[in-house]
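As a plain string of letters, each chain reads:
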Amino acid sequence: MKEIKSLNKEVLNLLINYFETEVPLLERRYSWKIPKIDGFVHSMEKGFSANVKLKYFLNSLWKQENKSDFEVAKIIIKDWGGVKGNKDETIKKYINRVRSGNFEMPFKGLASYTKLYSIVEPKRFAIFDARVVVTLNALQCNANISSGIVFNYLEGRNNVTGNKETKKGFSQQKEHSVASLVKRGWERIAKEDTYQVYLDYLFACIKHNPDWKLYELEMVLFANAEEVAKKAIENIQGNEKTICNLEQAKAKEKVSAKKRTHHQALFEHVTKQNLLSEKFSYSKVLSIAQLILDGISKSGQHYAALKFIQNYCIALDESISNQLKAVSDPRQISALEALKNNCEFKLA
């Protein structure tokens, strides 16, 4: 399979760091109930191990000459995969692609045919569905990436990740639409290239850590979709008030901030405007820093946010709190990635 183009290094590093944290947690985080499947002893169970065993079971079932291709494909796509709306003719079309060795990758039907591909050729293909794409985009939003990659959304029925009918969820928010993310400076993937680019990123992650399985990375993205989407939605809701307050005080604050260190200016503004909830994340502080310190570099904004946390906040993770007390430069702590992505803080 050819690569579409060179990969965005910032996005790739974000995914690698995320998988390093989340792959070991799959046993606890992944939960998808398996339906009744004849011959599979773990039917009606849910969880990571049972679903991995099902993948191998379905792969062996597909290879048995006495089994109907259509019946096996229907189990994969409809029964286990949960995509009930596929017509018999559509499933047979996907089967013909597999049997001919012509693994086409059109945008239409991605959530269905990638389930079949991933079972037939598990080392070449991974499932791509509505939850996976939301995680890919929401992770970038939560990391405040300025030049990200916009993965094209698929229709879903989840009110957290995105429901086209109810207009609720991450993918239905104007701020997270493809058009809005492109306007923000992200690169849009051509629809017909969506699946190939997705695979390119997963294989680049596996090149970094050959111990990872392709299905593990896809299962992480699937399992964590709601959690990552919720965080992005909460950030947008919190920013609505923040932006309103910041625009009113921005001109005055820019002048006064020059007389103080950047983290001092950040602290004074946050306390005056009461912008932080009782508990908050590093990304929340950074988003405020980016708005009121727009005259300094991106690295300067990150440093100001870290110094603000070090000088004026308490880390709820005791190990991170101890590390912050022990260094003069907060960028030097070994738990920097955990501080940025996982830790919560409160004002001292």
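Residue numbers restart at each chain and count upward from 1, following the sequence in its written direction. The predicted nature of this model means local features are confined to residues of pLDDT at least 70 and side-chain atom pairs, given and counted, to a pLDDT of 80 or more, with totals for whole chains, interfaces and linings taken over all residues. To get the side-chain values, all heavy atoms of the structure are used, and hydrogens and water are removed first.

A. Region of interest: the overall build of the chain. Each helix corresponds to a stretch of at least 4 residues labelled H or I by DSSP, and each strand to a stretch of at least 2 residues labelled E; elements are numbered beginning at the N terminus. From N to C terminus, the chain includes 16 helices and seven strands. Seen through its principal axes, the chain has C-alpha atoms that stretch 80 × 40 × 35 Å. When accessible area is computed with a 1.4 Å probe and restricted to protein chains, residues below 20% of their type maximum are described as buried, those above 50% as exposed, and intermediate ones as partly exposed. The buried share among the 348 residues of the chain stands at 53%. Taking all contacts inside the chain whose residues are at least 6 apart in sequence as the whole, residues at least 24 apart take part in 63%. Computed with a 1.4 Å probe, the accessible areas rest on the Shrake-Rupley method; for each residue, only the protein chains presented here act as cover. Surface summary for the chain: the accessible area is close to 17600 Å², and the carbon and sulfur share equals 49%. Looking at charge distribution, the chain has the averaged site of its 54 positive side-chain charges lying 4 Å from that of its 40 negative ones. Contacts between residues were defined by any pair of non-hydrogen atoms, one from each residue, lying within 4.5 Å. In this tally, Lys and Arg are treated as positive and Asp and Glu as negative; His is ignored, and so are the chain termini. Each charge is placed at NZ for Lys, CZ for Arg, CG for Asp and CD for Glu.

B. Local environment of the packing of helix α7 (residues 130-142) against helix α10 (residues 214-223). Angles here are taken between N-to-C directions and fall from 0 to 180 degrees, while the axes themselves are lines fitted to C-alpha atoms, restricted in helices to the stretch in contact. Across the interface, α7 lies against α10 with an axial gap of 7 Å and an inter-helix angle of 80 degrees. Considering the angle they form, α7 stands roughly perpendicular to α10. Taken together, the residues of α10 that come into contact with α7 (itself represented by R131, V132, T135, L136 and L139) are E218, L221, F222 and A223. Split by residue class, the contact of α7 with α10 holds six nonpolar, one polar and two charged. For classification, angles of less than 35 degrees are called roughly parallel, those exceeding 145 degrees roughly antiparallel, those between 65 and 115 degrees roughly perpendicular, and all remaining angles oblique. Throughout, the ten residues Ala, Val, Leu, Ile, Met, Phe, Trp, Tyr, Cys and Pro are labelled nonpolar, Asp, Glu, Lys and Arg are labelled charged, and all others, Gly among them, are labelled polar.

C. Inspection of the packing of aromatic side chains at higher detail. Note on aromatic pairs: the rings of Phe, Tyr and Trp (six-membered ring only in Trp) are paired at centre separations within 6.5 Å, and the planes decide the class, stacked below 30 degrees, edge-to-face beyond 60, tilted for the rest. With the rule as written, the count across this model stands at 20 aromatic pairs. Aromatic side chains Y30 and F222 sit 5.8 Å apart centroid to centroid with 40 degrees between the ring planes, which places their arrangement in the tilted category. Of this pair, Y30 sits in the loop between α2 (26-29) and α3 (48-63) while F222 sits in helix α10; the two residues are 192 residues apart in sequence, bridging distant segments of the chain. Looking at Y30, the relative accessible area reads 6%, which means it is buried. Judged by relative accessible area, which is 8%, F222 ranks as buried. On the numbers, 6.4 Å between centres and 15 degrees between planes, the contact of F125 with Y195 is stacked. Of this pair, F125 sits in the loop between α6 (110-120) and α7 while Y195 sits in helix α9 (residues 194-208), placing them 70 residues apart in sequence. Site record: aromatic cluster; members linked through ring pairs are Y94, F103, Y113, Y117, F125, F128, Y195 and Y198. Counting as a charge over the ring demands two things of the Lys NZ or Arg CZ atom: a distance within 6 Å of the ring centre and an angle within 35 degrees of the ring normal. We note K92 situated over the ring of F70; from NZ or CZ to the ring centre the distance is 5.7 Å. A cation over a ring is seen here: R97 above Y113, with NZ or CZ 4.9 Å from the ring centre.

No statement about biological role is implied by the geometric values presented.
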